[in-house]
Amino acid sequence: MDGNPQTGAGEACEMKRDECARVADGALCDAWKKRVGETEVAWRFARVGNEEKNKIEFERAQKIYRESTCGR
């Protein structure tokens, strides 16, 4: 299908929007720990060509977590 609404393919699409919400103070450490885990998985199982970018993001998240009160 080419997305042409005349063929019906255009009707199968649905737009979704991400919404950001502030993480409650009591859940910040858990949220950062989860983010570190997600970025590590993205790095270790990265598609060819994305390894370095994903490793940098993992190291950034890990550093933030370690240097916060959560990492103590």
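Residues numbered from 1 in each chain as written. Predicted model: local features only at pLDDT ≥ 70, side-chain atom pairs only at ≥ 80, totals over all residues. Heavy atoms only, no water.

Position of Leu-28 relative to the elements: it lies in helix H1 (residues 28-44). Owing to a relative accessible area of 33%, Leu-28 belongs among the partly exposed residues under this scheme. For the pair Leu-28 and Cys-70, spaced 42 residues apart in the sequence, the C-alpha separation amounts to 8.3 Å. (Helix = DSSP H or I, 4+ residues; strand = E, 2+ residues; numbered from the N terminus. Buried < 20%, exposed > 50% of the residue type's maximum accessible area, 1.4 Å probe, protein only.)

A separate point is the packing of H1 against helix H2 (residues 51-67). It is at 8 Å that the axes of H1 and H2 come closest, and there the two elements cross at 160 degrees. As summarised for this structure, H1 and H2 are arranged roughly antiparallel, according to the angle between their axes. For the pair H1 and H2, the sense of crossing is left-handed. Note on element contacts: H2 touches H1 through Glu-51, Asn-54, Lys-55, Glu-57, Phe-58, Ala-61, Gln-62, Ile-64 and Tyr-65, opposite Cys-29, Trp-32, Lys-33, Arg-35, Val-36, Thr-39, Glu-40, Ala-42 and Trp-43. (Axes fitted to C-alpha atoms, helices over the stretch in contact; angles between N-to-C directions. Parallel < 35°, antiparallel > 145°, perpendicular 65-115°, else oblique. Left-handed = near helix turned anticlockwise from the far one by under 90°. Contact = heavy atoms within 4.5 Å.)

In short, the description is geometric, and any link to function would need to be established separately.
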